[in-house]
Each structure stands twice: as C-alpha cells, then as structure tokens.
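Below, each chain spelled out in residue letters.
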Amino acid sequence: MDSETKFVIKGGRVVDPANGIDEITDVYIEDGMIARIGGKKNYQDRTLIDAAGKLVFPGLVDIHVHLREPGREDAETIESGSLAAVRGGVTSVCCMPNTHPPIDNAPMVRFIYDRGSEAYCRVYPIAAISKGLEGKELSEMFDLAIAGAVGFSDDGRPVTSSQLLRNALLYSKMIDLPIMLHEEDLDLSAGRHMHEGHASGLAGMQAVPAVAEAGMIARDIMLASFLDAKVHICHVSAKESVGIIRDAKEKGVKVTAEAAVHHLILTDEDVVKSGFDSNYKMNPPLRAKDDVEVLRAALVDGTIDAIVTDHAPHPPEDKDCEFAVAPFGVVGLETSASLIYDKLVRTGIIDITRMVELMSTMPARLMDISAGTLSQGANADIMIFDPERKWTVDSSKFAGKSRNTPFEGWELTGKPVWTMVDGQIFFDELS
Ligand SMILES: [Zn+2]
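Rules behind the numbers
- Residues numbered from 1 in each chain as written.
- Predicted model: local features only at pLDDT ≥ 70, side-chain atom pairs only at ≥ 80, totals over all residues.
- Heavy atoms only, no water.
- Pairing = 2+ DSSP bridges.
- Helix = DSSP H or I, 4+ residues; strand = E, 2+ residues; numbered from the N terminus.
- Axes fitted to C-alpha atoms, helices over the stretch in contact; angles between N-to-C directions.
- Contact = heavy atoms within 4.5 Å.
- Left-handed = near helix turned anticlockwise from the far one by under 90°.
- Nonpolar A, V, L, I, M, F, W, Y, C, P; charged D, E, K, R; others polar.
- Donors = N, O, S within 2.8 Å, 3.2 Å for Na, K, Ca; no water.
- Buried < 20%, exposed > 50% of the residue type's maximum accessible area, 1.4 Å probe, protein only.
- Domains from an automatic or database assignment.
- Buried area = accessible area lost by both parts, 1.4 Å probe.
- Salt bridge = Lys/Arg side-chain N within 4 Å of Asp/Glu carboxyl O.
- Polar contact = N/O pair within 3.5 Å; in protein donor to acceptor, adjacent residues only side chain to side chain.
- Phe/Tyr/Trp six-rings, centres within 6.5 Å; stacked < 30°, edge-to-face > 60°.
- Lys NZ or Arg CZ within 6 Å of the ring centre and 35° of its normal.
- Expected span 1.5 Å × (residues − 1).
- Arc of directions from axis to C-beta.

Judged by pairing direction, the sheet is parallel, and its three strands sit side by side in the order β6-β7-β8 without closing on themselves. What marks the edges here is a single partner per strand, and that holds for β6 (60-65) and β8 (122-125). Each adjacent strand pair in this sheet contributes to an overall mean axis angle of 20 degrees, direction not counted. Both β6 and strand β7 (residues 90-95) contribute to a ladder of four bridges, which runs parallel. The residue of β7 that forms the bridge with Leu60 is Val90. Taken strand by strand, helix α2 (residues 106-116) contacts β7 and β8, and its axis lies near 175 degrees from that of β8.

To continue, consider the packing of helix α13 (residues 336-345) against helix α14 (residues 352-367). Put simply, α13 and α14 touch, their axes get as near as 11 Å, and they point 145 degrees apart. The handedness of the crossing between α13 and α14 comes out as right-handed. Seen from α13, the contacting residues are Ser336, Ala337, Ile340, Tyr341 and Val345; seen from α14, they are Ile352, Met355 and Met359. Residues belonging to the contact of α13 with α14 are distributed by class as follows: seven nonpolar, one polar and no charged.

Attention now moves to the coordination of the zinc ion. Protein coordination at the zinc ion comes from Asp155 (OD), His182 (ND1) and His235 (NE2), with a distance range of 2.0 to 2.3 Å. We note that the donor set of the zinc ion lies within a single chain, spaced as D-x26-H-x52-H. You can see His182 sitting in the loop between β10 (179-181) and α5 (186-189) and its partner His235 sitting in the loop between β13 (231-233) and α8 (239-250), a full 53 residues away along the chain. Relative accessible area serves as the criterion here: at 3%, His182 is assigned to the buried category.

A separate point is the domain arrangement of the protein chain. Domains assigned within the protein chain are domain 1 (6-56 + 379-428) and domain 2 (59-367). Using C-alpha coordinates to define each centre, domain 1 is positioned 26 Å away from domain 2. Contacts between the two partners involve 38 residues from domain 1, matched on the other side by 47 residues from domain 2. Across the domain 1/domain 2 interface, buried area totals approximately 3,500 Å², and carbon plus sulfur atoms make up 64% of it. Summed over the shared surface of domain 1 and domain 2, the number is two salt bridges. A salt bridge links Arg122 to Asp381, with the nearest nitrogen and oxygen atoms 2.6 Å apart. Along the contact surface separating domain 1 from domain 2 lie 18 residue pairs in polar contact (both at pLDDT 80 or more).

Moving on, we get to the packing of aromatic side chains. Per the stated rule, a full pass over the model turns up six aromatic pairs. Consider the rings of Phe57 and Phe385, whose centres lie 6.1 Å apart with planes at 25 degrees: the pair is stacked. Here the residue Phe57 occupies a position in strand β5 (residues 55-58), and Phe385 occupies one in strand β16 (residues 382-392), the gap between them amounting to 328 residues. Across the pair, Phe385 and Phe57 agree in class, each one buried. Plain terms: the ring middles of Phe142 and Tyr171 are 5.3 Å apart, the flat faces sit at 80 degrees to each other, and that makes the pair edge-to-face. In this pair, Phe142 is assigned in helix α3 (residues 141-147) and Tyr171 in helix α4 (residues 162-175), connecting sequence segments 29 residues apart. Given the relative accessible area of 37%, Phe142 is considered partly exposed. Note on Tyr171: relative accessible area 31%, which makes it partly exposed. In textbook terms, an aromatic cluster arises when at least three aromatic residues are bridged by ring pairs, as seen for Phe57, Tyr341 and Phe385. The positively charged end of Lys281 is found above the aromatic ring belonging to Phe323, 5.8 Å away from the centroid.

Attention shifts here to the environment of Ile21. Mapping Ile21 onto the fold places it in strand β2 (residues 21-30). Along the backbone, Ile21 and Asp320 are 299 residues apart, and their C-alpha atoms lie at a distance of 46 Å. Residues contacting Ile21, with those up to four places away along its chain left out, are Val14, Val15, Asp16 and Ile37.

Moving on: helix α11 (residues 289-301). With 13 residues, α11 should cover 18 Å at 1.5 Å per step; its first-to-last C-alpha distance of 19 Å lies within 8% of that length. What α11 keeps buried is the set Asp291, Val292, Leu295, Ala298 and Leu299. End-on, the buried residues of α11 take up no more than an arc of 115 degrees, which puts them together on one face. At the exit of α11 stands Gly302, carrying a positive phi of roughly 90 degrees.

Cis peptide bonds are those with omega within 30 degrees of zero, and the linkage from Glu69 to Pro70 qualifies with 5 degrees. Mapped onto the secondary structure, Pro70 falls in the loop between β6 and α1 (78-87). The omega angle of the peptide bond from Asn283 to Pro284 is 0 degrees, so this bond is cis rather than trans. As for its placement among the helices and strands, Pro284 is situated in the loop between α10 (268-273) and α11. Within the chain, Asp45 stands out as a residue other than glycine whose phi angle is a positive 55 degrees. The topology assignment puts Asp45 in the loop between β3 (33-37) and β4 (47-50). A positive phi angle, close to 55 degrees, is found at Asp310, a residue other than glycine.

Here it is in structure tokens:
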C-alpha cells in the first residue's frame, strides 16, 4: 500500500449522523474504504488533506435525478451528470427511468450500470413501474430487481390506475424495493403550469391546485395502508400533502417522503417576478409562501425524510420559449448543498446534522444502498464543504450539459470543495 491509496482528511469537523459523530477529528482512508475516524495520529506515508475550518460529510446521496441517457444525450449524459454530481458533493445518484427508451427491462438496467461504471459517482437505476411508463401493464418487476434496479417509479407521470398500483405495491412487498410515486391528478393539472393561488389569480394564469397532488397522495397512502406496503412520495410540494403524510406516519403507515430543493426555497411569487421565465417551471409547480414554510417545518419534524434535486436537464433550445410551452424541470446537482446550507442551515431552520441526515444518511437508507455513512469499512465516499466560501451561481461554468437553473446569479455562502468516491478524488477546489 502506498500514499496513493492511503489518505488522512485532517482536522475537519466531521459530521456523520449514522454514527452520532460531530467533532473535529481526522478521517483515515485506506484502499477505498474508511479505515477509522480519530484515534492515534499517524500521518506517515499518507496523502494529507487539510480540512481545517471545513465540514467533512459522507458523500451526498440524491435519489431523484434525471440523467437523460439514453435518448437525450444533448441534455445530459451519465458521464456529464455524474461530473455535475461530484462538483455538488453528491457521490451516489439514483436515476429515474423516463429516458428514451425507458428503463423498463433488465437489459436497460444493466446498460445504466455499465455506463455508470465509468461515471464519476455511483449511479443506481430506478426502473419503471409500468411498461413504457404508459401506466397500463406492470413491468417485469422481479427481473428488474434481479438486474439491480434499486426502486420503481413512473416519475414524470402519476400511476393513474389504482389497480396497477395495487399490483405494484404487492410485488414491491415481495422484493422489498421502494415504489416512488409522482403524485398528480391529471384531470386537475392538464394544460396548467403554475400553482393555483393568489399569484396565479393576479397574473390571470390557468393553474394547478394543490389538491391535484394531495388527493393522489391520499389515495396512495390508503392503498399502502390497506396492503401494509411501503410507499415513497416524490417531490412533496403542498402543505396539504405534508398534513396527509404526517397523519399517516403517526398512524404507522409505511410512508416516506422527499422534498426537492427548489420547493424549499422558491415560491409562485418568484415565478411571476421572473416574468414567467421557463427556468421557474417545474412539476409539481413552485407553491405559495405558506407551503414553503410548512415544507420546511416538515424537514424538522421528520415528515420529510430526504431532500432531492429532481435534477432535470433541458438544453436551451427546449427551454428558451414561452412559459406555457416549455418543458418542466430544472437542474440542481451543482447547487443543492450550497442552497440548503445557505438558506436553511445558516438561517437556523435545520442544523448541520439534520442537513446531512436529509441529504445523505436517510436517502441511502430509503434506497438500501451502501452509502451515507463514514462507518469503519464503508466506501470512502466523502465530501468536504467550506462553510465560509462565497460564490455566485454561474450556469456557464456548470459541468452538466444544461443550464436551466432558477438560481442563476445567486450569491451563496458555503460550497462543496472536495469530493472522493471509492477512495478517488474527483473534485478538488480545496485551496
Ligand atoms: Zn416527478
């Protein structure tokens, strides 16, 4: 063993909620694994990484990402998306199956692993619930699970058929993989592009009411409860949804939920203020101020289990158009940690431990992937975060292929500065 495979991350504030650690100490890495945290100082024959004044976290885990490969390699590829990930401190991503063709068969799952093996971060495929994401016929869930799918979702679309979802939940119980649901009542949402409320009323825009999301969540929680199955709710955005999920959790229903970074920070007022910039268009839409407040409280009380980006790259030629015709979605991998730190941690809404829980520990557990911890013997997937670094979001510098961010020009405090995956350094802006 030489210094190339032996590292010490020296003197950083190590935060690892999985092990109840929050202290200034050293992290020893050998052969791509965490050898130990703290203990007798031994810096000989090791590459030293000076983390004084910095935060050292288990690499972030983003369980809701669109990598666009295959089919839309002009928007993103597994390679470009994974480079964006490590620049944001993200070391594992779970990618959604709404590619072209979709990830709805075992060879496609293997294709993602194959391409992912050459990527900068770990890439785990989520497979489709229904064949072709059409909501009609169940995918071959057993085959997909054997091929390595880490979960199932028709994300981008709701599972409209209650019977199809019932069957999917029964299979998911047998194979113990999560069903991840995009919740949307298409009858209420079709052709509508922003949240229905005060802002849409003033702007005279046709809009989507919160009940389009909350109503579907209610049905799906009832189904999960009836079948004693687990269900995971994607990108929760409305206060009504939070209330339903909180009540269900209190009753012991096996429901988990995620919130996307943009829903925790932006509102429907920002859509109007932007002059209906298509970079503020996503699905579910940005909600009202009181929704954001309820969502933030849900991070604190545990109703929301994980923060995701819903990273959804679109090239400028698709997004540079009128709000009403632009595709839904924004990129997020290169800004998520900074935004959550600056807007939620520095403002005292959540503490650093909770941030790491929501962005690393819990998402890894939800998907049952080997990540989200600095335990001895764990993969050396680590990020270093500089809490003092000031920077300005400049999408022209993104490593990802697309530029569709609503946070362009934002001045943020706190930034991922160093990322290691499997004992290899893939991003270094430490000095
Ligand atoms: Zn979705």
